[in-house]
Amino acid sequence: MSYSSVFFKNLIKFLYGGKDEFISEVLNSNYKLMPSMPSGDKLLRFLNSATKHVPYYRKHFPRYPNDPQKIFDFLENVEFRVTKNDVRNNVYDFLDERIVNNRVIGKSEGFINNVVGILNSQSLIRVNTGGSTGEPLSFYFTRKTSFGRILRVLATHKYWGWNEGETFLYSGQGGAYADFGMLQTIVKPAGIIIFLPDKLNERSCDRFISLYQKYKPKAMFGFPSQFIGYAHYIQKKGIQLDSSPNHIDVTGEMLSSTEREYLEEIFRTQVYQRYGGTEWGTVGAECRNKNGIHVTENDFFVQNDSEGRLLVTTIAHNDFPLIKYETGDKGKVIYDECECGLKGKKIVNIEGRIEEHFLNSDGDVIAASYFRQLVLLANEKYGNIIIRSQFIVEDRKSVLFLLQLVNKNNQAEIVKLLEENIKSFLKMSVRGEVKDDIRNDRKKFKFLIKI
Ligand SMILES: [Zn+2]
(Lines give C-alpha, C1' and ligand atoms only; values in the text may rest on other atoms or scores of the structure.)
Protein backbone atom coordinates (compact mmCIF):
# COMPACT_ATOMS: atom_id res chain seq x y z
CA MET A 1 0.00 0.00 0.00
CA SER A 2 1.28 3.49 -0.72
CA TYR A 3 0.96 6.66 1.29
CA SER A 4 2.14 10.18 0.60
CA SER A 5 5.91 10.39 0.78
CA VAL A 6 5.64 14.20 1.01
CA PHE A 7 3.49 13.87 4.14
CA PHE A 8 5.92 11.33 5.53
CA LYS A 9 8.95 13.54 4.98
CA ASN A 10 7.25 16.59 6.50
CA LEU A 11 6.06 14.63 9.51
CA ILE A 12 9.56 13.32 10.13
CA LYS A 13 11.00 16.83 9.78
CA PHE A 14 8.47 18.13 12.30
CA LEU A 15 9.09 15.35 14.81
CA TYR A 16 12.84 15.66 14.42
CA GLY A 17 12.54 19.38 15.04
CA GLY A 18 13.86 20.99 11.88
CA LYS A 19 16.18 20.42 9.00
CA ASP A 20 19.92 19.84 9.15
CA GLU A 21 22.58 17.92 7.30
CA PHE A 22 21.71 14.59 8.90
CA ILE A 23 18.01 14.62 8.05
CA SER A 24 18.70 15.89 4.53
CA GLU A 25 21.08 13.00 4.06
CA VAL A 26 18.55 10.45 5.32
CA LEU A 27 15.66 11.82 3.25
CA ASN A 28 17.86 11.99 0.19
CA SER A 29 17.17 8.79 -1.73
CA ASN A 30 20.89 8.26 -2.36
CA TYR A 31 21.58 7.65 1.33
CA LYS A 32 24.42 5.22 1.91
CA LEU A 33 24.23 2.96 4.94
CA MET A 34 27.77 3.52 6.12
CA PRO A 35 29.22 7.00 6.01
CA SER A 36 32.98 7.17 6.22
CA MET A 37 35.08 7.14 9.38
CA PRO A 38 34.58 10.17 11.57
CA SER A 39 37.32 12.71 11.71
CA GLY A 40 39.47 12.96 14.81
CA ASP A 41 38.08 16.48 15.13
CA LYS A 42 34.54 15.16 15.44
CA LEU A 43 35.56 12.71 18.16
CA LEU A 44 37.43 15.48 20.00
CA ARG A 45 34.41 17.78 19.83
CA PHE A 46 32.32 14.97 21.33
CA LEU A 47 34.78 14.34 24.19
CA ASN A 48 35.21 18.07 24.85
CA SER A 49 31.46 18.50 25.15
CA ALA A 50 31.08 15.44 27.40
CA THR A 51 33.89 16.40 29.77
CA LYS A 52 32.75 20.02 29.95
CA HIS A 53 28.97 19.67 30.27
CA VAL A 54 28.27 16.17 31.58
CA PRO A 55 29.02 15.81 35.32
CA TYR A 56 29.93 12.11 35.25
CA TYR A 57 32.64 12.53 32.59
CA ARG A 58 33.87 15.79 34.07
CA LYS A 59 34.52 13.87 37.27
CA HIS A 60 35.71 10.52 35.95
CA PHE A 61 37.04 10.70 32.39
CA PRO A 62 40.87 10.81 32.30
CA ARG A 63 42.88 13.54 30.58
CA TYR A 64 43.20 12.95 26.87
CA PRO A 65 45.44 14.30 24.09
CA ASN A 66 43.91 17.28 22.35
CA ASP A 67 45.15 15.93 19.03
CA PRO A 68 42.85 14.60 16.29
CA GLN A 69 45.62 12.25 15.08
CA LYS A 70 45.98 10.54 18.45
CA ILE A 71 42.48 10.54 19.85
CA PHE A 72 41.26 7.25 18.32
CA ASP A 73 44.26 5.36 19.66
CA PHE A 74 43.72 6.95 23.02
CA LEU A 75 40.06 5.93 23.15
CA GLU A 76 40.89 2.41 21.98
CA ASN A 77 43.40 1.88 24.79
CA VAL A 78 42.34 4.01 27.75
CA GLU A 79 41.28 2.09 30.89
CA PHE A 80 37.83 3.53 31.23
CA ARG A 81 34.33 2.21 30.78
CA VAL A 82 30.75 2.91 31.72
CA THR A 83 28.47 0.12 32.92
CA LYS A 84 24.71 -0.08 33.21
CA ASN A 85 25.07 0.21 36.96
CA ASP A 86 27.03 3.46 36.64
CA VAL A 87 24.11 4.89 34.68
CA ARG A 88 21.46 3.37 36.92
CA ASN A 89 23.04 4.85 40.03
CA ASN A 90 22.78 8.37 38.74
CA VAL A 91 21.17 8.80 35.38
CA TYR A 92 21.05 12.61 35.63
CA ASP A 93 24.87 12.79 35.93
CA PHE A 94 25.02 11.42 32.39
CA LEU A 95 22.88 14.19 30.91
CA ASP A 96 24.27 17.42 29.54
CA GLU A 97 23.67 19.82 32.44
CA ARG A 98 22.31 22.45 30.05
CA ILE A 99 19.23 20.29 29.39
CA VAL A 100 18.84 18.39 32.65
CA ASN A 101 16.02 20.62 33.87
CA ASN A 102 14.10 20.66 30.59
CA ARG A 103 10.50 19.55 30.41
CA VAL A 104 10.02 15.76 30.44
CA ILE A 105 7.48 14.19 28.09
CA GLY A 106 6.09 10.85 29.19
CA LYS A 107 3.09 8.81 30.13
CA SER A 108 2.73 10.09 33.67
CA GLU A 109 3.43 13.73 32.82
CA GLY A 110 -0.07 14.59 31.68
CA PHE A 111 -1.64 15.45 28.35
CA ILE A 112 -1.20 19.26 28.38
CA ASN A 113 2.45 18.98 29.41
CA ASN A 114 3.08 16.51 26.60
CA VAL A 115 1.38 18.62 23.95
CA VAL A 116 3.40 21.68 24.98
CA GLY A 117 6.51 19.54 25.26
CA ILE A 118 6.27 18.03 21.79
CA LEU A 119 6.46 21.55 20.31
CA ASN A 120 9.90 22.10 21.84
CA SER A 121 12.74 20.12 20.29
CA GLN A 122 14.75 20.34 23.53
CA SER A 123 12.10 18.57 25.62
CA LEU A 124 13.31 15.36 27.19
CA ILE A 125 11.67 12.09 26.28
CA ARG A 126 11.90 9.30 28.78
CA VAL A 127 13.02 6.12 27.08
CA ASN A 128 12.87 2.83 28.93
CA THR A 129 14.70 -0.39 28.34
CA GLY A 130 11.63 -2.56 28.09
CA GLY A 131 13.54 -4.83 25.73
CA SER A 132 15.65 -7.75 26.71
CA THR A 133 18.53 -6.26 28.65
CA GLY A 134 18.93 -7.16 32.32
CA GLU A 135 17.02 -4.87 34.62
CA PRO A 136 14.75 -2.03 33.58
CA LEU A 137 16.24 1.40 33.40
CA SER A 138 15.06 4.84 32.27
CA PHE A 139 17.04 7.20 30.05
CA TYR A 140 16.39 10.70 28.83
CA PHE A 141 17.02 12.05 25.35
CA THR A 142 15.98 15.30 23.78
CA ARG A 143 13.23 15.06 21.23
CA LYS A 144 15.81 15.74 18.55
CA THR A 145 18.04 12.87 19.61
CA SER A 146 15.08 10.50 19.99
CA PHE A 147 13.82 11.14 16.48
CA GLY A 148 17.38 11.20 15.19
CA ARG A 149 17.58 7.61 16.36
CA ILE A 150 14.36 6.78 14.52
CA LEU A 151 15.83 8.45 11.42
CA ARG A 152 18.75 6.07 11.61
CA VAL A 153 16.37 3.11 11.61
CA LEU A 154 14.60 4.56 8.58
CA ALA A 155 17.93 5.16 6.85
CA THR A 156 18.79 1.49 7.31
CA HIS A 157 15.46 0.47 5.80
CA LYS A 158 16.08 2.76 2.83
CA TYR A 159 19.39 1.01 2.34
CA TRP A 160 17.53 -2.33 2.23
CA GLY A 161 15.01 -1.03 -0.30
CA TRP A 162 12.10 0.65 1.49
CA ASN A 163 11.08 4.21 0.60
CA GLU A 164 9.02 6.92 2.27
CA GLY A 165 5.33 6.38 1.62
CA GLU A 166 5.60 2.58 1.54
CA THR A 167 3.93 0.74 4.41
CA PHE A 168 6.08 -0.08 7.35
CA LEU A 169 4.84 -2.47 10.05
CA TYR A 170 6.39 -2.42 13.48
CA SER A 171 5.56 -5.21 15.90
CA GLY A 172 6.72 -4.70 19.48
CA GLN A 173 5.96 -5.85 22.98
CA GLY A 174 3.02 -4.05 24.53
CA GLY A 175 2.19 -4.15 28.19
CA ALA A 176 1.71 -2.03 31.23
CA TYR A 177 4.08 0.71 30.24
CA ALA A 178 4.21 1.08 26.46
CA ASP A 179 1.72 3.66 25.35
CA PHE A 180 2.19 4.80 21.81
CA GLY A 181 -1.45 5.95 21.63
CA MET A 182 -0.89 9.46 20.33
CA LEU A 183 2.14 8.61 18.23
CA GLN A 184 0.36 5.64 16.70
CA THR A 185 -2.41 7.90 15.42
CA ILE A 186 -0.02 10.57 14.14
CA VAL A 187 2.16 8.20 12.12
CA LYS A 188 -0.56 6.01 10.61
CA PRO A 189 -1.35 8.35 7.67
CA ALA A 190 2.36 8.17 6.85
CA GLY A 191 2.06 4.41 6.39
CA ILE A 192 3.62 3.39 9.68
CA ILE A 193 1.57 0.73 11.39
CA ILE A 194 2.45 0.06 15.00
CA PHE A 195 1.24 -3.20 16.53
CA LEU A 196 1.95 -3.84 20.21
CA PRO A 197 0.44 -7.11 21.38
CA ASP A 198 0.54 -7.73 25.14
CA LYS A 199 1.00 -11.43 24.70
CA LEU A 200 1.42 -13.88 21.90
CA ASN A 201 -1.70 -15.98 21.46
CA GLU A 202 -4.28 -16.83 18.77
CA ARG A 203 -5.92 -13.44 19.10
CA SER A 204 -2.76 -11.43 18.65
CA CYS A 205 -1.63 -13.64 15.78
CA ASP A 206 -5.01 -13.17 14.07
CA ARG A 207 -4.78 -9.43 14.59
CA PHE A 208 -1.25 -9.32 13.17
CA ILE A 209 -2.33 -11.29 10.11
CA SER A 210 -5.32 -9.07 9.44
CA LEU A 211 -3.08 -5.96 9.63
CA TYR A 212 -0.57 -7.68 7.37
CA GLN A 213 -3.16 -8.67 4.76
CA LYS A 214 -4.77 -5.22 4.85
CA TYR A 215 -1.66 -3.03 4.66
CA LYS A 216 0.67 -5.35 2.69
CA PRO A 217 3.79 -3.96 4.38
CA LYS A 218 6.84 -3.28 2.26
CA ALA A 219 9.04 -3.51 5.35
CA MET A 220 8.59 -4.92 8.84
CA PHE A 221 10.58 -4.66 11.99
CA GLY A 222 10.47 -5.93 15.54
CA PHE A 223 11.51 -8.65 17.92
CA PRO A 224 12.44 -11.91 16.19
CA SER A 225 10.57 -14.01 18.76
CA GLN A 226 7.30 -12.32 17.83
CA PHE A 227 7.81 -12.86 14.11
CA ILE A 228 8.69 -16.51 14.79
CA GLY A 229 5.41 -16.77 16.73
CA TYR A 230 3.43 -15.32 13.81
CA ALA A 231 5.22 -17.58 11.34
CA HIS A 232 4.35 -20.71 13.34
CA TYR A 233 0.73 -19.63 13.43
CA ILE A 234 0.64 -18.94 9.68
CA GLN A 235 2.09 -22.36 9.03
CA LYS A 236 -0.15 -24.18 11.51
CA LYS A 237 -3.33 -22.62 10.12
CA GLY A 238 -2.22 -22.90 6.50
CA ILE A 239 -2.79 -19.17 5.94
CA GLN A 240 -2.01 -17.83 2.47
CA LEU A 241 -0.25 -14.47 2.64
CA ASP A 242 -1.41 -12.12 -0.13
CA SER A 243 1.88 -10.28 -0.37
CA SER A 244 5.46 -10.51 0.75
CA PRO A 245 7.53 -7.67 2.20
CA ASN A 246 10.82 -6.54 0.74
CA HIS A 247 12.52 -7.38 4.01
CA ILE A 248 12.13 -7.95 7.74
CA ASP A 249 14.45 -6.17 10.16
CA VAL A 250 14.97 -8.05 13.40
CA THR A 251 16.57 -6.42 16.37
CA GLY A 252 16.72 -6.57 20.16
CA GLU A 253 17.33 -10.29 20.42
CA MET A 254 19.52 -12.72 18.57
CA LEU A 255 18.23 -14.83 15.72
CA SER A 256 19.64 -18.26 14.85
CA SER A 257 20.32 -19.15 11.22
CA THR A 258 17.53 -21.75 11.26
CA GLU A 259 15.09 -19.16 12.57
CA ARG A 260 16.18 -16.73 9.88
CA GLU A 261 15.65 -19.32 7.13
CA TYR A 262 12.27 -20.20 8.58
CA LEU A 263 11.09 -16.56 8.60
CA GLU A 264 12.41 -16.01 5.08
CA GLU A 265 10.51 -19.04 3.85
CA ILE A 266 7.17 -18.24 5.51
CA PHE A 267 7.17 -14.54 4.56
CA ARG A 268 9.01 -15.12 1.23
CA THR A 269 11.44 -12.33 1.99
CA GLN A 270 14.91 -11.35 3.19
CA VAL A 271 15.58 -11.12 6.92
CA TYR A 272 18.30 -8.72 8.06
CA GLN A 273 19.71 -8.04 11.49
CA ARG A 274 20.25 -4.57 12.80
CA TYR A 275 22.35 -4.09 15.91
CA GLY A 276 21.45 -1.52 18.49
CA GLY A 277 20.18 -0.90 21.98
CA THR A 278 17.80 1.43 23.72
CA GLU A 279 20.62 3.37 25.34
CA TRP A 280 22.83 3.88 22.31
CA GLY A 281 20.67 3.51 19.18
CA THR A 282 21.37 1.75 15.88
CA VAL A 283 25.07 1.00 15.60
CA GLY A 284 24.87 -0.77 12.28
CA ALA A 285 23.21 -3.39 10.17
CA GLU A 286 23.78 -6.28 7.82
CA CYS A 287 24.15 -5.88 4.09
CA ARG A 288 22.72 -8.33 1.55
CA ASN A 289 25.52 -10.78 2.31
CA LYS A 290 24.26 -11.24 5.90
CA ASN A 291 27.74 -11.87 7.20
CA GLY A 292 28.14 -9.36 10.02
CA ILE A 293 27.01 -5.93 11.15
CA HIS A 294 28.54 -3.03 9.21
CA VAL A 295 29.20 -0.32 11.80
CA THR A 296 28.09 3.28 11.13
CA GLU A 297 31.52 4.56 12.08
CA ASN A 298 30.73 8.19 11.52
CA ASP A 299 28.52 8.09 14.60
CA PHE A 300 29.73 5.15 16.69
CA PHE A 301 33.08 3.96 17.89
CA VAL A 302 32.81 0.23 18.58
CA GLN A 303 35.50 -1.91 20.17
CA ASN A 304 36.14 -5.10 22.15
CA ASP A 305 37.58 -5.40 25.60
CA SER A 306 39.94 -8.27 26.45
CA GLU A 307 36.99 -10.48 27.38
CA GLY A 308 35.29 -9.99 24.01
CA ARG A 309 32.62 -7.65 25.33
CA LEU A 310 31.30 -4.97 23.02
CA LEU A 311 31.90 -1.37 24.08
CA VAL A 312 30.17 1.50 22.30
CA THR A 313 30.95 5.23 22.19
CA THR A 314 28.09 7.34 20.84
CA ILE A 315 29.95 10.07 18.95
CA ALA A 316 26.74 11.52 17.52
CA HIS A 317 24.86 11.94 20.82
CA ASN A 318 25.90 14.95 22.84
CA ASP A 319 22.95 15.21 25.20
CA PHE A 320 23.31 11.72 26.69
CA PRO A 321 26.83 10.70 25.68
CA LEU A 322 28.08 7.19 26.37
CA ILE A 323 31.83 6.56 26.32
CA LYS A 324 33.05 2.97 26.16
CA TYR A 325 29.68 1.75 27.35
CA GLU A 326 29.31 -1.95 28.12
CA THR A 327 26.45 -3.09 25.93
CA GLY A 328 26.06 -6.41 27.71
CA ASP A 329 26.65 -8.25 24.42
CA LYS A 330 29.65 -10.10 23.11
CA GLY A 331 30.86 -10.05 19.51
CA LYS A 332 34.06 -9.65 17.54
CA VAL A 333 34.91 -6.30 15.98
CA ILE A 334 36.91 -6.83 12.78
CA TYR A 335 38.02 -4.78 9.78
CA ASP A 336 36.47 -6.15 6.61
CA GLU A 337 36.43 -5.34 2.93
CA CYS A 338 33.02 -6.82 2.24
CA GLU A 339 31.92 -8.13 -1.15
CA CYS A 340 29.07 -5.63 -1.03
CA GLY A 341 31.64 -2.86 -1.49
CA LEU A 342 31.67 -1.49 2.06
CA LYS A 343 34.97 -1.31 3.87
CA GLY A 344 35.43 -0.79 7.59
CA LYS A 345 34.48 -2.17 10.97
CA LYS A 346 32.13 -5.07 11.19
CA ILE A 347 30.76 -6.92 14.22
CA VAL A 348 30.63 -10.67 13.73
CA ASN A 349 29.49 -13.58 15.91
CA ILE A 350 27.31 -11.50 18.19
CA GLU A 351 26.22 -13.37 21.27
CA GLY A 352 23.49 -11.22 22.54
CA ARG A 353 20.45 -10.97 24.60
CA ILE A 354 17.82 -13.63 24.44
CA GLU A 355 14.44 -12.56 25.63
CA GLU A 356 12.93 -14.83 28.22
CA HIS A 357 9.36 -16.00 28.02
CA PHE A 358 6.95 -17.96 30.12
CA LEU A 359 3.46 -19.38 29.74
CA ASN A 360 0.35 -18.62 31.77
CA SER A 361 -2.41 -21.16 32.38
CA ASP A 362 -4.18 -20.17 29.14
CA GLY A 363 -0.98 -21.07 27.26
CA ASP A 364 -0.32 -17.43 26.27
CA VAL A 365 3.36 -16.65 25.69
CA ILE A 366 4.41 -13.72 27.87
CA ALA A 367 7.72 -11.91 27.54
CA ALA A 368 9.70 -10.99 30.65
CA SER A 369 9.60 -7.40 29.45
CA TYR A 370 6.01 -7.24 30.72
CA PHE A 371 7.41 -7.38 34.27
CA ARG A 372 10.09 -4.82 33.44
CA GLN A 373 7.42 -2.43 32.28
CA LEU A 374 5.54 -2.88 35.55
CA VAL A 375 8.67 -2.03 37.52
CA LEU A 376 9.21 1.06 35.38
CA LEU A 377 5.61 2.07 35.90
CA ALA A 378 6.03 1.85 39.68
CA ASN A 379 9.36 3.65 39.53
CA GLU A 380 7.84 6.46 37.54
CA LYS A 381 5.01 6.79 39.99
CA TYR A 382 7.05 6.53 43.17
CA GLY A 383 10.35 8.15 42.11
CA ASN A 384 12.74 5.27 41.28
CA ILE A 385 12.01 3.46 44.51
CA ILE A 386 12.61 -0.11 43.28
CA ILE A 387 16.31 -1.01 43.27
CA ARG A 388 15.94 -4.64 42.27
CA SER A 389 13.07 -6.91 41.47
CA GLN A 390 12.71 -10.59 40.86
CA PHE A 391 9.78 -12.49 39.39
CA ILE A 392 9.38 -16.17 40.09
CA VAL A 393 6.85 -17.99 37.94
CA GLU A 394 6.08 -20.95 40.15
CA ASP A 395 3.92 -22.86 37.70
CA ARG A 396 1.61 -21.59 35.04
CA LYS A 397 -0.84 -20.42 37.69
CA SER A 398 1.11 -18.27 40.13
CA VAL A 399 3.77 -15.59 40.36
CA LEU A 400 5.86 -14.58 43.36
CA PHE A 401 7.74 -11.32 43.13
CA LEU A 402 10.41 -9.90 45.41
CA LEU A 403 11.29 -6.22 45.61
CA GLN A 404 14.27 -4.42 47.05
CA LEU A 405 13.31 -0.81 47.79
CA VAL A 406 15.16 2.40 48.58
CA ASN A 407 12.94 2.93 51.63
CA LYS A 408 9.77 1.53 53.14
CA ASN A 409 7.53 4.51 52.35
CA ASN A 410 4.65 3.48 50.08
CA GLN A 411 5.76 -0.15 50.37
CA ALA A 412 2.20 -1.49 50.58
CA GLU A 413 0.96 0.62 47.66
CA ILE A 414 3.81 -0.49 45.43
CA VAL A 415 3.24 -4.17 46.14
CA LYS A 416 -0.46 -3.66 45.53
CA LEU A 417 0.10 -1.85 42.22
CA LEU A 418 2.14 -4.76 40.88
CA GLU A 419 -0.17 -7.41 42.29
CA GLU A 420 -3.25 -5.85 40.75
CA ASN A 421 -1.68 -5.47 37.33
CA ILE A 422 -0.36 -9.00 37.25
CA LYS A 423 -3.61 -10.48 38.51
CA SER A 424 -5.87 -8.76 36.01
CA PHE A 425 -3.52 -8.98 33.05
CA LEU A 426 -1.90 -12.39 33.37
CA LYS A 427 -4.84 -14.15 35.05
CA MET A 428 -2.43 -15.71 37.54
CA SER A 429 -2.47 -15.65 41.29
CA VAL A 430 0.21 -13.39 42.65
CA ARG A 431 2.05 -12.56 45.86
CA GLY A 432 4.62 -9.84 46.42
CA GLU A 433 7.21 -9.41 49.18
CA VAL A 434 9.72 -6.71 50.08
CA LYS A 435 13.22 -7.92 51.01
CA ASP A 436 16.37 -6.16 52.19
CA ASP A 437 18.47 -7.78 49.48
CA ILE A 438 17.35 -10.17 46.77
CA ARG A 439 20.72 -11.13 45.39
CA ASN A 440 21.96 -14.62 46.21
CA ASP A 441 24.98 -15.38 48.45
CA ARG A 442 27.42 -14.70 45.64
CA LYS A 443 25.68 -11.36 45.07
CA LYS A 444 24.34 -12.63 41.75
CA PHE A 445 20.89 -11.78 40.67
CA LYS A 446 18.35 -13.08 38.18
CA PHE A 447 15.29 -11.13 37.02
CA LEU A 448 13.01 -13.97 35.94
CA ILE A 449 13.00 -17.45 37.43
CA LYS A 450 10.83 -20.23 36.08
CA ILE A 451 10.16 -23.20 38.33
ZN1 LIG B 1 28.67 -5.98 3.23
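Predicted, not measured: the structure shown is a model, and the values here were computed from it.

Please clarify how the overall build of the chain should be interpreted in this entry.
Regarding its fold elements, the chain presents 14 helices and 20 strands. Scored against the burial criterion, the 451 residues of the chain give a buried share of 38%. Within the chain, counting contacts between residues at least 6 apart in sequence, those at least 24 apart form 63% of the total.

Help me out: how do you make sense of the pairing of strand β11 (residues 300–304) in this one?
Each regular strand shows side chains that alternate between the opposite faces of the sheet. The sheet contact formed by β11 and strand β12 (residues 309–314) spans five bridges and is antiparallel. Residue Asn304 lies in a different strand from β12, and its bridge partner there is Leu310. Connecting β11 to the antiparallel partner β12 that follows it, the hairpin turn spans four residues, and Gly308 within it adopts a positive phi of roughly 85°.

Please clarify how the environment of Val430 should be interpreted in this entry.
If you trace the backbone, Val430 turns up in strand β19 (residues 429–434). For Val430, a count of 18 C-beta atoms within 10 Å puts it in the partly exposed group. Linking Val430 and Asp299, residues 131 residues apart in sequence, is a C-alpha distance of 45 Å. Not counting residues up to four positions away in its chain, the partners in contact with Val430 are Ser398, Val399, Glu419, Ile422 and Lys423.

I keep staring at unusual backbone geometry and nothing clicks. Help me out?
Glycine aside, the phi torsion of most residues is negative, and most peptide linkages are trans. Positioned with a positive phi, Lys216 is a non-glycine residue whose angle comes to about 45°. Position of Lys216 among the secondary structure elements: in the loop between α10 (202–215) and β6 (219–222). One non-glycine residue, Lys324, adopts positive backbone phi at about 50°.

I would appreciate a short explanation of the environment of Gly341 in the present structure.
Counting through the fold element by element, Gly341 comes out in the loop between β13 (325–337) and β14 (343–351). The class for Gly341 is exposed, based on 9 C-beta atoms found within 10 Å. C-alpha separation for the pair Gly341 and Ala368, spaced 27 residues apart in sequence, amounts to 40 Å.

Whenever I open this one, the sheet that holds strand β2 (residues 124–128) confuses me. Can you help?
Whenever strands of a sheet pair, they do so through backbone hydrogen bonds, lying parallel or antiparallel. Here three strands make up an open sheet; going across it, the order is β1-β2-β3 and the pairing mixed. Two strands bound the open sheet, and with one partner strand each, they are β1 (104–105) and β3 (138–142). Pairing geometry for β1 and β2, over two bridges, is parallel. Counterpart to Ile105 in the pairing with β2 is Ile125. Packing of helix α8 (residues 143–160) onto the sheet brings it into contact with β2 and β3, and relative to β3 it is tilted by some 95°.

Please explain the sheet that holds strand β10 (residues 293–295) as it appears in this structure.
Reading across from one edge, β5-β4-β6-β7-β8-β9-β10-β14-β13-β12-β11 is the order of the 11 strands in this open sheet, with mixed pairing throughout. The open sheet has two edge strands with one neighbour each: β5 (192–195) and β11. Pairs of neighbouring strands in the sheet enclose a mean axial angle of 40°, with direction left out of account. Inspection of the sheet shows strand β4 (residues 168–171) paired to β5 by four bridges, in the parallel sense. From the neighbouring strand, Ser171 faces β5, where its bridge partner is Phe195.

Sorry, what's going on with the environment of Lys345 here?
Inspection of the secondary structure assignment puts Lys345 in strand β14. Lys345 sits in the buried class, given 23 other C-beta atoms within 10 Å. Non-local contacts of Lys345, meaning those with residues more than four positions away in its chain, are made with Val295, Glu297, Val302, Val333 and Tyr335.

I keep staring at the nonpolar core and nothing clicks. Help me out?
The tendency in soluble globular proteins is for nonpolar side chains to be buried as a group. Ile248, Val283, Phe300, Val302, Val312 and Tyr325 are the most contacted members of the largest nonpolar core, which has 61 residues in total. Beyond its immediate stretch of four places on either side in the chain, Val283 contacts Tyr275, Gly276, Val295, Thr296, Phe300, Val302 and Val312. Among the nonpolar cores identified, the runner-up in size contains 21 residues, and Phe358, Leu376, Phe401 and Leu403 belong to it.

Could you clarify how one ought to interpret the pairing of strand β9 (residues 281–285) in this entry?
Burial runs high along β9: five of the five residues are buried. Relative to β9, strand β8 (residues 270–277) runs antiparallel, the two being bridged by four bridges. Bridging across to β9, Gly276 finds its partner in Thr282. Count of turn residues in the β8/β9 antiparallel hairpin: three residues. Strand direction decides the pairing type here: β9 and β10, joined by two bridges, are antiparallel. Across the sheet, Gly284 pairs through a bridge with Val295, a residue of β10.

Looking at this structure, how should I read the confidence of the model for the chain?
In the predicted model, the chain carries a mean pLDDT of 86, and 92% of its residues have values of at least 70. Confidence, expressed as mean pLDDT per element, reaches its minimum in the chain at helix α9 (residues 181–187) with 73 and its maximum at helix α4 (residues 55–60) with 97.

When you look at the packing of helix α1 (residues 5–16) against α8 in this model, what are you seeing that I'm missing?
Packed helices, taken two at a time, are described by their axes: the angle between them and the distance between them. The contact between α1 and α8 brings their axes to 8 Å, and the two run at 145°. Note on element contacts: α8 touches α1 through Lys144, Phe147, Gly148 and Leu151, opposite Ile12, Leu15 and Tyr16. Partitioning the contact of α1 with α8 into residue classes produces five nonpolar, one polar and one charged.

I keep staring at the packing of helix α11 (residues 224–237) against helix α12 (residues 257–267) and nothing clicks. Help me out?
Between α11 and α12, the shortest axis-to-axis distance is 10 Å and the interhelical angle comes to 50°. The angle between α11 and α12 falls in the class oblique. Considering how the two elements wind past one another, α11 and α12 form a crossing that is left-handed. Touching Pro224, Phe227, Ile228, Ala231, Ile234 and Gln235 of α11 are Glu259, Tyr262, Leu263 and Ile266, all from α12. Residue composition of the contact of α11 with α12, by class: eight nonpolar, one polar and one charged.

Criteria and thresholds
Residues numbered from 1 in each chain as written. Predicted model: local features only at pLDDT ≥ 70, side-chain atom pairs only at ≥ 80, totals over all residues. Helix = DSSP H or I, 4+ residues; strand = E, 2+ residues; numbered from the N terminus. Buried ≥ 20, exposed ≤ 12 C-beta atoms within 10 Å, placed from the backbone. Contact = placed C-beta atoms within 7 Å. Pairing = 2+ DSSP bridges. Axes fitted to C-alpha atoms, helices over the stretch in contact; angles between N-to-C directions. Core = buried A, V, L, I, M, F, W, Y, C linked by C-beta atoms within 7 Å. pLDDT = per-residue confidence, 0-100. Nonpolar A, V, L, I, M, F, W, Y, C, P; charged D, E, K, R; others polar. Parallel < 35°, antiparallel > 145°, perpendicular 65-115°, else oblique. Left-handed = near helix turned anticlockwise from the far one by under 90°.

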